[in-house]
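Spelled out, the chains give:
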Amino acid sequence: MSDLPAVDVGVFPLQEGFGSRQAVEDVVRDLLRGAGRHEGDQRGEHDKPRHPRHVSEVLSRALGALRRLAARSSGLQKVKTRPVRTTTWQLLALGLLVVCVSVFCRYVRWRRRRSAAPSERRVCVVVLGDVGRSPRMQYHALSLSKHGYRVDFVGFLVGPRVISYVTKVILQSLQILFTLMKTQRPSHILLQQEVMSGVLRRYERVFGPLAAHHLCVTNAMREDLKENWGISATTLYDKPPSIFRETPLELRHQLFLRLAQTLPAFSNRGEEPGGALEQTAFTWRNPDDLTVTWRADRPALLISSTSWTEDEDFSVLLKALEEYEHCVREGRGLPALVCVITGKGPQKQYYRKLINSLHLEHVEICTPWLEAEDYPTLLGSADLGVCLHRSSSGLDLPMKVVDMFGCCLPVCAIHYRCLSELVKHEENGLVFKDSQELTSQLQSLLSGFPRAEGRLEEFRRSLRTSRGQGWDENWTQNVLPLITTTTQSP
């Protein structure tokens, strides 16, 4: 192994000032902007910040910053140094030293904050995963804020990509620890914990019961927690937020116009009805009174959302759409179909290749990534929803179906354990087990579309009449009392 470039290593005392906030900020500032100047090129370029190109340069900057910090702490103007040749292992050891010092400084600051009295109306919401894929915890945070609580939302913007599960747990634990040390002491911590296995399951079995209250989203999960974990939990069924509702026709038309700019499936097809000013594949605006009207020959709009993971087998839907295409060609009185599959994830490109290989004439499939405000609007504009989510634990329910029900959108959902707690077959939706059953349900629901007396409209009217509490009412009634009555431990 060849030696790396030499760096200056200094010996410095640790003074009380080392753990001060200003001192730590100086170290961080030096690390970010680089220690000192560097040589410019022949044009005389100096003092330009640059990114380190080698691990040795990163540690050299760190050591230089620590050396200057020690000099300020001890009152010395200079610290005697000697050049040495460092190996990779020495650099790793020095890097570990820097991390340990950082942890110690954060711990000191955290202990000082913890000694102060906790804020009575401050809640820390912790997500052990990707915040963007945790809408339930986002809704909890919003509800807390609406009721006057100051909320610290802790989680990952993007799930970390690491080489092993063990490494992931270690990295996440350190990141969460550092972040919690920076936050003000809360009166409550609301933690989302998914079902674990192996060593972590035993860990959760020991520490899980220590929480003041436990919430779960199904009765099946409540029974599992009681039987296998010894935890008494309260079932809190998901409810749709107020943003999920049927979309007025004018807003649907505006959304279709925007989508038509990038998605040909939403563009006008055929002749313009009566010289319309604006037209899409679904709607047109009357030039006389400027009102928006449905097109009589419009296709049905089917929507499904996904994270493109192994939990959802979209080959089931693709096979069903191929069979539906054959049924349309045979003249069974079925409409053309536009299928929109929203979301992003690791298997999206794989399924897009499969979609491109299909030979469909009456079915168009598009896979857009929608803006956050457009997704509820599109959901409230669709004619039918399809859910392919299979719970890996068999104990939770798909929130996408909850959102669809909030929009009074009929749903076909793939069967798995405890789904019946949300989707009642032949009451508020249909449940299928394979592509053949899904094809049959699509034919049954879309036959004679878009007439108002069809089976699809019967389901929609049923959802309108049975629409119960929304998220806000349900949360205020069931979660808020748990927070307000919990006694803060000293």
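Reading guide: rules and limits
Residues numbered from 1 in each chain as written. Predicted model: local features only at pLDDT ≥ 70, side-chain atom pairs only at ≥ 80, totals over all residues. Heavy atoms only, no water. Helix = DSSP H or I, 4+ residues; strand = E, 2+ residues; numbered from the N terminus. Contact = heavy atoms within 4.5 Å. Areas by Shrake-Rupley, 256 points an atom, 1.4 Å probe, with all protein chains shown as cover. Buried < 20%, exposed > 50% of the residue type's maximum accessible area, 1.4 Å probe, protein only. Pairing = 2+ DSSP bridges. Axes fitted to C-alpha atoms, helices over the stretch in contact; angles between N-to-C directions. Parallel < 35°, antiparallel > 145°, perpendicular 65-115°, else oblique. Core = buried A, V, L, I, M, F, W, Y, C linked by side-chain atoms within 4.5 Å. Phe/Tyr/Trp six-rings, centres within 6.5 Å; stacked < 30°, edge-to-face > 60°. Lys NZ or Arg CZ within 6 Å of the ring centre and 35° of its normal.

Caption draft 1: Looking closely at the overall build of the protein. What the protein contains, in helices and strands, is 16 helices and 15 strands. Partitioning the intrachain contacts of the protein with sequence separation of at least 6 by distance along the chain shows that 71% fall at a separation of at least 24. Only carbon and sulfur atoms are counted for the fraction: they give 53% of the accessible area of the protein, which is about 27600 Å².

Caption draft 2: Spatial organisation of the environment of Leu 463. When you line up the elements, Leu 463 lands in helix α14 (residues 455–466). Assessed through its relative accessible area of 4%, Leu 463 is described here as buried. Separated by 55 residues in the primary sequence, Leu 463 and Cys 408 have C-alpha atoms spaced 5.2 Å apart. If we ignore the near neighbours within four places in the chain, the residues touching Leu 463 are Phe 405, Cys 408, Leu 409, Pro 410 and Asn 428.

Caption draft 3: Examining the sheet that holds strand β4 (residues 150–156) more closely. Across the sheet, three strands lie side by side as β4-β3-β5; this open sheet has parallel pairing. Both outer strands of the open sheet, β4 and β5 (188–192), are each paired with one neighbouring strand and no more. Geometrically, the sheet is characterised by an average inter-axis angle of 15 degrees between neighbouring strands, direction not taken into account. Taken together, the five bridges between strand β3 (residues 122–130) and β5 define a ladder with parallel strand orientation. Considered in β5, the bridge of Val 125 is made with Leu 190.

Caption draft 4: Fine view of the packing of helix α4 (residues 135–146) against helix α15 (residues 471–478). Look at α4 against α15: their axes get within 11 Å of each other, and the N-to-C directions meet at 70 degrees. With respect to each other, α4 and α15 are oriented roughly perpendicular. From α4, Arg 136, Tyr 139, His 140, Ser 143, Leu 144 and Lys 146 reach across to α15, where they touch Trp 471, Asp 472 and Trp 475.

Caption draft 5: Quick look at unusual backbone geometry. A cis amide bond links Phe 449 with the next residue in sequence, Pro 450, at an omega value of 10 degrees. Looking at where Pro 450 falls in the secondary structure, it is placed in the loop between α13 (435–446) and α14. The backbone of Trp 308 shows a phi angle near 55 degrees, a positive value even though the residue is not glycine. For Trp 308, a relative accessible area of 1% gives the class buried. The backbone phi angle of Cys 408 is positive, close to 55 degrees, even though this residue is not glycine. Along the chain, the position of Cys 408 falls in the loop between α12 (399–406) and β14 (411–414).

Caption draft 6: Expanded view of the nonpolar core. If you look at the biggest cluster of nonpolar residues, it comprises 61 residues, and the most contacted ones within it are Phe 266, Leu 301, Leu 378, Leu 379 and Val 423. A per-element tally of this core places α12 first, with five residues. The contacts of Leu 379, once residues within four sequence positions are left out, are Phe 244, Ile 303, Asp 403, Met 404, Cys 407 and Leu 409. Counting residues in each nonpolar core, the second largest holds 35 residues, with Ala 320, Ile 355, Leu 358 and Ile 365 among its members.

Caption draft 7: Geometry of the sheet that holds strand β10 (residues 300–305). The strand order across the open sheet built from six strands is β12-β11-β10-β13-β14-β15, with neighbouring strands paired in parallel fashion. Each of the sheet's edge strands pairs with one partner strand only, and the pair in question is β12 (363–366) and β15 (430–432). Across the sheet, the mean angle separating the axes of adjacent strands is 20 degrees when strand polarity is ignored. Here β14 runs beside β15; their pairing, made up of three bridges, is parallel.

Caption draft 8: Inspection of the side chain of Asp 374 at higher detail. For Asp 374, the position within the fold is in helix α11 (residues 374–379). When residues no more than four places from it in sequence are discounted, the contact partners of Asp 374 are Leu 255 and Arg 258.

Caption draft 9: Focus on the packing of aromatic side chains. Here the structure, examined in full by the defined rule, presents nine aromatic pairs. Centroid distance Phe 314 to Tyr 351: 6.2 Å. Interplanar angle 65 degrees. Geometry classified as edge-to-face. Within this pair, whereas Phe 314 is found in the loop between β10 and α9 (315–329), its partner Tyr 351 is found in helix α10 (residues 348–356), the two being separated by 37 residues in sequence. By the burial criterion, Phe 314 is buried, and Tyr 351 matches it. For the pair Tyr 350 and Tyr 351, a centre-to-centre distance of 5.0 Å together with 75 degrees between the ring planes defines the contact as edge-to-face. Judged by its relative accessible area of 6%, Tyr 351 is buried. Grouped by ring-pair contacts, the aromatic residues Trp 308, Phe 314, Tyr 350 and Tyr 351 constitute a single cluster. A cation sits over an aromatic face here: Arg 298 above Trp 294, 3.9 Å from the ring centre.

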